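# Examining the three-dimensional arrangement
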Amino acid sequence: MLPILLLACLASPAAITPVPDVVPAAVADVQEAQVPDRVQLEGMVGARIQASTVNRLLEIDVDRLLEGYRKRPGRQTWDGEHVGKWLHAASLAWANSGDERLHAKIAKAVAELVACQQEDGYLGTYLPAQRWTEWDVWAHKYNLIGLVTWMRLSGDRSALPCCRAMADLLCRDFGEGKRDLNGAGAHKGMAAGSVLEPMVWMYRFTGEERYRDFCRYVMRAWETPTGPHIVSRLVAGRGVDQVGNAKAYEMMSCIDGMLEWYRVTGDKDLLTAGENAWSDIVAKRRYITGTASWKEHFHEDFNLPNTSNVGETCVTVTWLQFNAHLLRLTGKARYADELERIVYNQLPGAQRPDGRAWGYYVQMEGTKPYTSTLDGQCCLSSGPRGFALIPTFAITTDAEGVVVNLEDAAHAQLRLAGGAEVGVTISTTYPSGSAVDIAIVAAQPGAFSVRLRIPAWCATAALALGGKALPVQPGPDGYVVVRRTWSGTEHLLLTLPPTPRVVVGDHANQNKAAICYGPLVLAADAALDPRGSDRPLLDTTAIADLAIAPQPASGPYKDWAHAEIFRITTHGGTTLLAPFATAGTGPAPGADAASDRRSTYRVWLPIAGAARPDGNLLADGSESRSRSGNVSGSVVDGRVVVTWNGAKADLDWFAVALPAPVTIASVQFTHGMTAHDGGWFDTSSSRPVVQAQAAEGAPWVTVGTFADYPATTATSPGSLHEGARFTCTLAEPTTAVAVRVAGRPASGDAPAQAFSSCGQMAAYGPATAGVKP
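Report follows, based on the coordinates. (Residues numbered from 1 in each chain as written. Predicted model: local features only at pLDDT ≥ 70, side-chain atom pairs only at ≥ 80, totals over all residues. Heavy atoms only, no water.)

## Considerations on the packing of helix 6 (residues 160–173) against helix 9 (residues 209–222)
Relative to each other, helix 6 and helix 9 sit at 50°, their axes nearing to 10 Å. Here helix 6 is positioned oblique relative to helix 9, judged by the angle of their axes. The crossing of helix 6 and helix 9 is left-handed. From helix 6, Arg164, Ala167, Asp168, Leu170 and Cys171 reach across to helix 9, where they touch Arg210, Tyr211 and Phe214. (Axes fitted to C-alpha atoms, helices over the stretch in contact; angles between N-to-C directions. Helix = DSSP H or I, 4+ residues; strand = E, 2+ residues; numbered from the N terminus. Parallel < 35°, antiparallel > 145°, perpendicular 65-115°, else oblique. Left-handed = near helix turned anticlockwise from the far one by under 90°. Contact = heavy atoms within 4.5 Å.)

## Quick word on the pairing of strand 5 (residues 395–398)
Judged by which residues are buried, strand 5 turns out to be covered on both faces: Ile395 and Thr397 on one side and Thr396 and Asp398 on the other are all buried. Direction of pairing for strand 5 relative to strand 6 (residues 401–404): antiparallel, over a ladder of four bridges. Residue pairing across strands places Thr397 opposite Val402, the latter belonging to strand 6. (Buried < 20%, exposed > 50% of the residue type's maximum accessible area, 1.4 Å probe, protein only. Pairing = 2+ DSSP bridges.)

## Here we look at the pattern of salt bridges
Per the counting criterion, the structure on display carries 46 salt bridges. The shortest N-O distance in the salt bridge between Asp99 and Arg101 comes to 2.7 Å. On the basis of relative accessibility, which here comes to 1%, the residue Asp99 falls in the buried class. The partly exposed category is assigned to Arg101, whose relative accessible area is 38%. Here Glu407 and Arg453 are joined by a salt bridge, their closest N and O atoms 3.0 Å apart. Taken together, the residues span a long stretch of sequence, with Glu407 in the loop between strand 6 and strand 7 (410–415) and Arg453 in strand 9 (residues 435–453) at a distance of 46 residues. A relative accessible area of 1% means that Glu407 is categorised as buried. Through salt bridges that share partners, Arg64, Glu67, Arg75, Asp79 and Asp375 make up one connected network. (Salt bridge = Lys/Arg side-chain N within 4 Å of Asp/Glu carboxyl O.)

These results come straight from atomic positions and should not be treated as a statement about function.
Now the structure itself:
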């Protein structure tokens, strides 16, 4: 059971009345952004929100957040962003939880941050000579976001002079005839240009026209030769991979600001640009778990590898914000469907279930790199913002009544457009159970609508009111609408059978499939597989033959009261799958009780007997190496692995075992890394060899030598370079259940140890011998 501390001060305080904007929106939201104290989530999502609030936001070391301001320039060039991100998340979480400890911590942090501001309004972490060169406009953005959020929710305006001074400094320093904003940060101006979002907030919060003028300047700067051309290219229908330098986090941060500016101006091109970007991402660049980008960028169509720095958590959270904006602006259920995908899969998958740590990149397979240390990280401060935003859209209102976007167990107290108070209580074990009881509590009889999102994955939904069946026919906006006069407490029973589904892969996942259950994406997990394998094969994609069956979760997989894992029939037996949210949280097979090594996991499961599109016979094998090393990678997926453990060895090897025998005619080996203390094979006595195993447990037999591997020594790599690929064509094709490359590791300038590395291994049959993928 998830060990979450109970929130300390949950006695219902007086409802928060946010400080109103001076400048009203020209374009009103279709769905309201709820003040977080109005909605309390209590199911799977609610458990993760509480964990984030209590175990991360409340426990953060504020001195660490302020360190770079008190002693400039800080530990890293973007160190200044953390405090603003924390203030944003913590302010929302305080409003949601009512925790007075968090309120006191925020108030103190605000005062101490304001005290770090310099006389001219600068509130970054750079020394004067380096101002406006890298990430300090970015830090000002987050400081404004955090402080304005706090002022709006708490009513404490003591930080307003600080915010004005920051905004005024930006207005003085940037503009036509002044500094070029695009040159004040990375990624074709998108890092600095994302300051648009809080500058729109400042204009609306204060009514100062100079802030409006600055926002106009930002929009013009985007379309100059040095700018990212966000609006023009998206309106023209170009993909997000052709905007700026395609950096996903910064670009979507700009788009969030663009949509805020749309609220002010009503310029329909801005909404069109946002909707075009969304459609492009969903169709061509979004992962099944609800994240986007690899190596932090958008790439060409359908280029979505399962590994290699996939799913930056900053991108996940900004994608959540993007969808929340479009949901509010349009009231279309498709954006709520996307939010469900994010909040039940990628977002909790990036958070350690106890809320104390986060992963930077959380890929479709591998291990989850949880850490609680801010050094070298941006995502640890972004992740909690995602959870803190969920109550603003989970259950809300529109002009006609109540809107239910997420079916998590919850309580909400809403004020309708006409002023009437309506309570909503959702009682359910969703996504584990199918029954969603929605109690509508009207203090006074009143006519209004209740809009219910029927998840896109559910084709068998049913709806009843007081035991009488109602039609389940979504309208043009994608919602089922119940219009009537409500009185007292009445119950809508929504039934959403969480049936299992198979998603057959394409492109890089051709001949693989992913298993889903309701809104959950599932993953194989080495700690749950009775055979100790993290790569089970599917014999079929037929649901009936897979025999998917849920069962109660336990141990680290029980992240909420009704958590489940799933038994499935696979090639050669059965295995257990975990929701992506908890996959990889179990102990690594063979790890002792004191170890913090976590298990490997895999979303896309190969289909037994299916031909690989690139012909690589090793692509779906299980890998091992002579020494585990200190780098987490994959030789079959092109991620470098090493054998370094600080010790010497006479022989190193990298192996891949297969579930069934294959006939191999050639083997390719890619060199991984060259370090000062080794990483290559020493060929002074012999070159590396290919060895094969005819049957499981049989002896390894040398079947070939890499004659094209260059001459090296223990201390010198010679002409070898990283990424160099070598091919061994066997004298005769060999049938094997496992293959490995073996050689003598090198020591470089550290003779007390030696290690080798591998960037990738591939093997091909006679028909594809010599193919280079």
